[in-house]
Amino acid sequence: MAGLDRNNRILQELVLQPGNNVCADCAAPEPDWASYTLGVFVCLNCSGMHRNLPAVSKIKSIRLDYWEDSLVQFMAERGNRAAKAIFEKHVPASFYRPQQKDCIVLRDQWIRAKYERREFTNESCLQTYSSELFESVLWKKGRHNKQFLKRIFLLSQKDFTLRYFLKEDSKVPKAVISMKDLNAEFQPEKIGHAHGLQISFKEDEHTRNLFVYHEDGQTIVSFFNALRATRLAYLLKKHPTLQSNDLIPQLTTQCLKEGYMEKTGPTQREPFKKRWFILCSMNRKLLYFKSPLDATDLGSVFIGSENHGYLVSESCSRSTRSGRWHCGITLETPGRQFVFMCEQEEERREWMEAFRTVISQPMTPEDYANEATLRRGK
């Protein structure tokens, strides 16, 4: 028992060291578990994924389990920083490194890529994602129905496009999508599949959504990272004076907030209608759809900065036009006042925080151009 206490105390001291004090795989703080075959400290969630790799990783609690002296010595010699130098040595700049709140398939495939497949211990992985063409067969939701059908997707770093074809022998693509305004985000709950991916891009001044998945987690995550690599190649061509690290935040982004709200029309005398809203920080747009899986938005609102006349505040309406929801939000813009209604007070707080996050950010030259384009379109 004394040996158990002594070794556990040593482990609890080791886990406080820089690098060890966050999960080796998702950066969650205060990891309580460790892989004694890999020499890394991990969080509870990632420890469960390590247990799925028994031939590669064996897990113990640093507080509750018995640790032999030799295993403790190995943990002291290895640790997260030394392991990272081995297992993440050649991670491509564009490769997405999952965080604590990311979906399971991203975190699971990151762990498998590092430790099971050891993709990043040599430079061969760099060639996979830097190749001029990357093809993948995915299940895609129909534009006007809920049916998913197999489609062939082709990424090209020659002309920075994503094409998809209806059949394998098709010569003419159904669509050719530029990397310019493309974004991709995993949406397993919305799509109803653990590997669901939403691809968004600009089409005729509207936002077009494609909803895809693949049964194999490695396939869909590889496609996602190939898409990010193609986006990076495009941005490096567009901004030749910038480095890869400067452009990484622009490759793909997650929406700040999405969900149902009610909205009224421009005179605020129209009946409120329930719509699905998505707030994107990258393009400063609030998009609204009739339902979550709609292919094209019904409209959008540009959200500038506070010193350009944009402001958000709480409001309350008991008008019969507002329907069942009465937790109101007023969004002031230079051209119009928008009123939205949330069902719950907590949802209003979340939306208010998301709006304020965008409004507090200074506008870029590209933002000014987008604002002008939207105003001309209205």
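Parameters and conventions
Residues numbered from 1 in each chain as written. Predicted model: local features only at pLDDT ≥ 70, side-chain atom pairs only at ≥ 80, totals over all residues. Heavy atoms only, no water. UniProt positions renumbered as here; feature names shortened; annotations may be inferred. Phe/Tyr/Trp six-rings, centres within 6.5 Å; stacked < 30°, edge-to-face > 60°. Helix = DSSP H or I, 4+ residues; strand = E, 2+ residues; numbered from the N terminus. Buried < 20%, exposed > 50% of the residue type's maximum accessible area, 1.4 Å probe, protein only. Lys NZ or Arg CZ within 6 Å of the ring centre and 35° of its normal. Expected span 1.5 Å × (residues − 1). Pairing = 2+ DSSP bridges. Axes fitted to C-alpha atoms, helices over the stretch in contact; angles between N-to-C directions. Contact = heavy atoms within 4.5 Å. Polar contact = N/O pair within 3.5 Å; in protein donor to acceptor, adjacent residues only side chain to side chain. Domains from an automatic or database assignment. 1 Å grid on protein atoms, 1.4 Å probe; cavity = no way out; pocket = protein on both sides within 12 Å on 5 of 7 lines; lining within 4 Å. Points joined across faces, edges and corners; volume = space filled by probe spheres on them. Nonpolar A, V, L, I, M, F, W, Y, C, P; charged D, E, K, R; others polar. Salt bridge = Lys/Arg side-chain N within 4 Å of Asp/Glu carboxyl O.

An unreviewed UniProt entry lists the chain under the name Arf-GAP with dual PH domain-containing protein 2 isoform X2, from Austrofundulus limnaeus. In the Subcellular location (unreviewed entry) part of its UniProt record, the chain is described as follows: "Cytoplasm".

Draft legend 1. Highlighting the packing of aromatic side chains. One pass over the structure, following the stated rule, counts 20 aromatic pairs. Ring geometry for Trp110 against Phe120: centres 5.6 Å apart, planes inclined by 40°, an arrangement best described as tilted. Note that Trp110 is positioned in helix 5 (residues 104-116) and Phe120 in the loop between helix 5 and helix 6 (124-130), a separation of 10 residues in sequence. The same class applies to Trp110 and to Phe120, which are both buried. Between the aromatic rings of Phe277 and Trp351, the centroid separation amounts to 6.5 Å while the plane-to-plane angle is 80°, which identifies the pairing as edge-to-face. In this pair, Phe277 is assigned in strand 12 (residues 273-280) and Trp351 in helix 10 (residues 345-359), connecting sequence segments 74 residues apart. Sitting over the face of the ring of Tyr260, Lys274 holds its NZ or CZ atom 4.4 Å from the ring centroid.

Draft legend 2. Focus on helix 8 (residues 217-238). End to end, helix 8 covers 32 Å across 22 residues, agreeing with the expected 32 Å (1.5 Å per residue, within 8%). Burial analysis of helix 8 places 17 of its 22 residues in the buried class, the great majority of the element.

Draft legend 3. Focus on the UniProt feature "domain: Arf-GAP" (unreviewed entry) in the chain. As recorded in UniProt, the feature "domain: Arf-GAP" (unreviewed entry) lies at residues 8-133. Helix makes up 41% of residues 8-133 and strand 8%. Its end C-alpha atoms lie 50 Å apart.

Draft legend 4. Spatial organisation of the sheet that holds strand 14 (residues 299-302). Spatial strand order, 14-13-12-11-17-16-15: 7 strands in an open sheet with antiparallel pairing. Two strands in the sheet have a free side with no partner beyond their single neighbour: strand 14 and strand 15 (311-316). Across the sheet, the mean angle separating the axes of adjacent strands is 35° when strand polarity is ignored. Bridge analysis of strand 15 against strand 16 (residues 327-332) gives 6 bridges, and the strand direction is antiparallel. When the sheet's bridge partners are listed, Cys316 is paired in strand 16 with Cys327. Along the sheet, helix 10 makes contact with strand 11 (257-263), strand 12, strand 13 (285-289), strand 15, strand 16 and strand 17 (337-342), crossing strand 15 at roughly 160°.

Draft legend 5. Geometry of the side chain of Thr252. Its place among the elements puts Thr252 in the loop between helix 9 (244-247) and strand 11. Separated by 2.6 Å, the side chains of Thr252 and Arg228 make a polar contact. Not counting chain neighbours up to four residues away, the residues in contact with Thr252 comprise Asn183, Ala184, Phe224, Leu227 and Arg228.

Draft legend 6. View of the domain arrangement of the chain. Split by domain assignment, the chain resolves into domain 1 (1-123), domain 2 (129-246) and domain 3 (255-377). Computed from C-alpha atoms alone, the centre-to-centre distance between domain 1 and domain 3 is 42 Å.

Draft legend 7. Geometry of empty space enclosed by the protein. Considering all chains together, one arrives at 5 cavities of 30 Å³ or more under this definition. One number sums up the size of the largest cavity: a volume of about 60 Å³. Top element by residues in the lining of the largest cavity is helix 8. It accounts for 4 residues. Along the lines of polarity and charge, the residues of the lining of the largest cavity split into 5 nonpolar, 4 polar and 2 charged. Volume-wise, the second largest cavity comes out at about 40 Å³. Surrounding the second largest cavity, Lys140, Lys141, Gly142, Arg143, Arg208, Asn209, Leu210, Phe211 and Ala295 form its lining. Among the elements of the structure, strand 4 (133-141) and strand 10 (206-213) are those that each provide at least two residues to the lining of the second largest cavity. With 4 residues, strand 10 is the largest single contributor of residues to the lining of the second largest cavity. For the lining of the second largest cavity, the class distribution of residues is 3 nonpolar, 2 polar and 4 charged.

Draft legend 8. Focus on the pattern of salt bridges. Following the criterion strictly, the structure yields 19 salt bridges and no others. In this structure, Lys202 and Glu205 form a salt bridge, with 3.7 Å as the shortest nitrogen-oxygen distance. Of the charged contacts in the structure, one is a salt bridge between Glu345 and Arg348, with a shortest N-O distance of 2.7 Å. Of this pair, Glu345 and Arg348 are both found in helix 10, 3 residues apart, which corresponds to roughly one turn of the helix. When its relative accessible area of 9% is taken as the criterion, Arg348 is described as buried. Salt bridges sharing common partners tie together Asp25, Glu88, Arg97 and Lys114.

Draft legend 9. Structural view of the environment of Trp139. Within the secondary structure, Trp139 is located in strand 4. Among the residues examined, Trp139 registers a relative accessible area of 27% and is labelled partly exposed. Sequence separation of Trp139 and Ser178 is 39 residues, and the distance between their C-alpha atoms is 21 Å.

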